[in-house]
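Each chain is listed here by its residues.
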Amino acid sequence: MTYDPYALAFPAPAFTVTSRDFTDGEALPDSAYQPHNESPELSWGPLPEGTRSLVVTAFDADAPIPGGLWHWAVKDIPATLSGLAHGGGAGTALVNDLGSTGYAGVNPPPGTGTHRLFICVTALAVESLEVPEDASRALLNITLIQHTLGRAIIVGTSTPR
């Protein structure tokens with residue numbers, strides 16, 4: 001469990017993201033698991049100067065499939081917000097790797113140990129990111145490069161149940 005999906009990502013200045021639902025590096029709440037499928041509360045800031053919108057993604061780097069598993073992607077979150085409430089609700093949710101729109105709860109398979117869910121908030125210099133709602137996460141991440149002003153990451157853990 002040493003793979004960091006952001007270690008080789010394009011560089012971006014850091015800002016802070018926290019959650020009232022879990023502590024960085026610690027267990028996600030039960031509500032973040034399937035079948036509840038409720039995204040955790042997130043708070044961020046201060047945002048980089050010039051931020052016009054945000055993107056939030058959640059990636060399980062330890063999923064036992066090549067390339068990991070994208071649980072969540074939301075674009076066009078207004079820069080006027082200082083976070084997302086428990087269960088999300090702002091911006092435009094994109095289709096995740098499980099084929100649903102919005103947050104798909106964690107559900108590590110038996111025998112796969114502890115998984116890390118990297119929740120990333122990316123500050124952008126544009127109000128709207130021009131990607132379709134069914135865009136792949138690769139296309140989303142490539143499109144982010146030219147507009148990124150900063151990045152904040154918090155990691156929650158999950159275990160098979």
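Here goes a summary of the coordinates provided. (Residues numbered from 1 in each chain as written. Predicted model: local features only at pLDDT ≥ 70, side-chain atom pairs only at ≥ 80, totals over all residues. Heavy atoms only, no water.)

Observations concerning the sheet that holds strand β4 (residues 53-60)
Then step 1. Strand order in the open sheet made by the six strands is β2-β9-β8-β4-β5-β7, with mixed pairing throughout. Single-partner strands in this sheet number two, and they are β2 (26-27) and β7 (92-93).
Then step 2. Strand direction decides the pairing type here: β4 and strand β8 (residues 115-124), joined by eight bridges, are antiparallel. Across the sheet, the residue bridging to Phe-59 is Phe-118, located in β8. (Pairing = 2+ DSSP bridges. Helix = DSSP H or I, 4+ residues; strand = E, 2+ residues; numbered from the N terminus.)

Overview of the side chain of Ser-39
Then step 1. By the element assignment, Ser-39 lies in the loop between β2 and β3 (42-45).
Then step 2. Of note is the side chain of Ser-39, whose polar atom sits 3.0 Å from the backbone nitrogen of Gly-88.
Then step 3. In this structure, Ser-39 is in contact with Trp-72, His-86, Gly-87, Gly-88 and Tyr-103, ignoring residues within four places of it in sequence. (Polar contact = N/O pair within 3.5 Å; in protein donor to acceptor, adjacent residues only side chain to side chain. Contact = heavy atoms within 4.5 Å.)

Some words on the pairing of β8
Then step 1. The buried fraction of β8 amounts to 10 of the 10 residues, a majority that puts the element mostly inside the structure.
Then step 2. Every second residue of β8 is oriented toward a common face, with His-115, Leu-117, Ile-119, Val-121 and Ala-123 on one face and Arg-116, Phe-118, Cys-120, Thr-122 and Leu-124 on the other, all of them buried.
Then step 3. Examined bridge by bridge, β8 and strand β9 (residues 148-158) share 10 bridges and lie antiparallel to one another. In the sheet register, Ala-123 faces β9, and the bridge partner there is Gly-150. (Buried < 20%, exposed > 50% of the residue type's maximum accessible area, 1.4 Å probe, protein only.)

Focus on the pairing of strand β5 (residues 69-78)
Then step 1. Here β5 lies mainly inside the structure; nine of its 10 residues are buried.
Then step 2. Both β4 and β5 contribute to a ladder of seven bridges, which runs antiparallel. Along β5, the bridge assignment pairs Ala-58 with Trp-72.

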